[in-house]
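# Coordinate inspection notes
Below, each chain spelled out in residue letters.
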Amino acid sequence: MKSVVINKEDLRYNIEKIKEYAETNLPDDKGRKVKIIAVVKANGYGFGIVEYSQFLIDNGIDFLAVSTVEEALKIRQAGITEKEAKILMLSSTAVKEDVKTLIENNIILTIGSKEAVDVVDEVGQELEKKIKVHLKIDTGFGRYGFLYDNRDEMIKCLKKVKNIKIEGTYTHFSNSYYDDKYTEKQFDRYMKCIEVLKMNEIETGMLHVCNTSAFIKFPNMHLNAVRVGSGFTGKIAFKNSMGLRKIGYLKSNVAEIKVLPKDFNIGYSNAYKTQKETKVAIIPCGYMDGVNIQTGRDMFRMVDKIRYIVRDIKDALKKQQIVVTINGKKCPVLGRVGTYHVTVDITGKDVNINDEVIFNANLKHIDSSIRREWK
């Protein structure tokens, strides 16, 4: 039976390393602390949003962030209260039903448009209470948030509210893992907005801009808080300079073993043909389980796309794009990855039915119905 395995000690190690980095990389010596906001979107990066959130809370992280209403509700409905952890909704919404649902479940809202501000203020008036929000500024991502260069509209909109309490102001970097210059430009745009807001006596609350990549690369941008997501998992988009550990993997078992003759096709499209008699193992895991799924190719610049094409050509020439681990031995996957199965070359290796197989799969893409095993 397949499962996602999460190593508690490695996760605990990553949490402590991140705390330590936040505490020792302050740009001043005024004794202030940087708040760590743990992003637990995408089913807790594949670890199971409830179990993952609870583990973070148990290890001193008391501020979470999610991307959808469903994620927020799942945490609250599991019994994690506002006293245990604040939850910030990272998506701005002007849908009144969603706003009401989030408020009823003690979720901090994001406001990033005039429409969102109007709806939240209206709901606050109906409930006769101040609604806690974080203000988002779009400094060059093109998604949620008031445009950084349209400050007049933002200030005019915020000046008239009566039922909103701004507890934070933030932005989101679009390419902090690669493009330092653009990240610094976004940061400069953000800080100028903060200055204008303060000049107009608009409360900004805690300031936060850093995602995991920026948190590691730009200590000067830590401000009052940082948003760390992939950092806790140890899987980050550039060289790991903090020694963070990868904490999870997909586990399955050998379902079948057979010997295939020379010149025998394997997988869809006849993409692979055996060069000699080959002993293979059939493993019941495929791309629906996150095997060989790569996130974000559409996010990169042309130069990055060219790098991917070159790498794919090299991988195709090697005919060993993916490997799994069986009994401590690396075994190449042959042919295309199927929906729920792969065929693995075990020629010359001591492999038996039901032996454990370890995949370096993308855990975010693994169905939530698959068991999460914490050890």
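All figures in this text were calculated on a predicted structure; none of them were measured in a lab. (Residues numbered from 1 in each chain as written. Predicted model: local features only at pLDDT ≥ 70, side-chain atom pairs only at ≥ 80, totals over all residues. Heavy atoms only, no water.)

## Comments concerning the sheet that holds strand β11 (residues 248-253)
Taken in spatial order, the 9 strands of this open sheet run β12-β15-β18-β17-β16-β19-β11-β1-β20, and their pairing is mixed. Bordering the open sheet on either side are β12 (256-260) and β20 (372-374), each of which pairs with just one other strand. Ignoring which end each strand starts from, the neighbouring axes of this sheet average 35° apart. As judged from the 4 bridges shared by strand β1 (residues 3-6) and β11, these two strands associate in the antiparallel manner. Note on β11: the bridge partner recorded for valine 4 is leucine 250. (Pairing = 2+ DSSP bridges. Helix = DSSP H or I, 4+ residues; strand = E, 2+ residues; numbered from the N terminus. Axes fitted to C-alpha atoms, helices over the stretch in contact; angles between N-to-C directions.)

## Quick look at the pattern of salt bridges
Scanning the entire structure with this criterion turns up 18 salt bridges. With its nearest N and O atoms 3.4 Å apart, the salt bridge here joins lysine 132 to glutamate 82. With lysine 132 in strand β6 (residues 131-138) and glutamate 82 in the loop between α4 (69-77) and β4 (86-92), the pair connects residues that are 50 residues apart, well separated along the chain. The exposure class assigned to glutamate 82 is partly exposed, which follows from its relative accessible area of 30%. (Salt bridge = Lys/Arg side-chain N within 4 Å of Asp/Glu carboxyl O. Buried < 20%, exposed > 50% of the residue type's maximum accessible area, 1.4 Å probe, protein only.)

## Thoughts on the pairing of strand β10 (residues 225-228)
Residues of β10 alternate between two faces, with Ala225 and Arg227 on one and Val226 and Val228 on the opposite face, all of them buried. Note that strand β2 (residues 35-39) and β10 share 4 bridges and pair parallel. Bridge assignment links lysine 35 to a residue of β10, and that residue is alanine 225.

## Focus: the packing of helix α7 (residues 151-159) against helix α8 (residues 180-199)
The interhelical angle for the contact between α7 and α8, taken along N-to-C directions, is 40°, at an axis separation of 11 Å. One way to sum up the angle between α7 and α8 is to call them oblique. Read as a crossing pair, α7 and α8 show a hand that is right-handed. On the side of α7, the interface is formed by Arg151, Met154, Ile155 and Leu158, while α8 contributes Lys192, Cys193, Val196 and Leu197. Grouping the amino acids of the contact of α7 with α8 by side-chain chemistry returns 6 nonpolar, no polar and 2 charged. (Parallel < 35°, antiparallel > 145°, perpendicular 65-115°, else oblique. Left-handed = near helix turned anticlockwise from the far one by under 90°. Contact = heavy atoms within 4.5 Å. Nonpolar A, V, L, I, M, F, W, Y, C, P; charged D, E, K, R; others polar.)

## Remarks on the packing of aromatic side chains
Each pair of aromatic rings is reported with the distance of its centres and the angle of its planes. On inspection of all chains with the given rule, the structure shows 4 aromatic pairs. The interplanar angle of 65° and the centroid separation of 5.5 Å between the aromatic rings of phenylalanine 47 and tyrosine 52 together place this pair among those described as edge-to-face. Judged by its relative accessible area of 0%, tyrosine 52 is buried. Positioned above the aromatic ring of tyrosine 13, the side-chain terminus of arginine 245 is 3.6 Å from the ring centre. (Phe/Tyr/Trp six-rings, centres within 6.5 Å; stacked < 30°, edge-to-face > 60°. Lys NZ or Arg CZ within 6 Å of the ring centre and 35° of its normal.)

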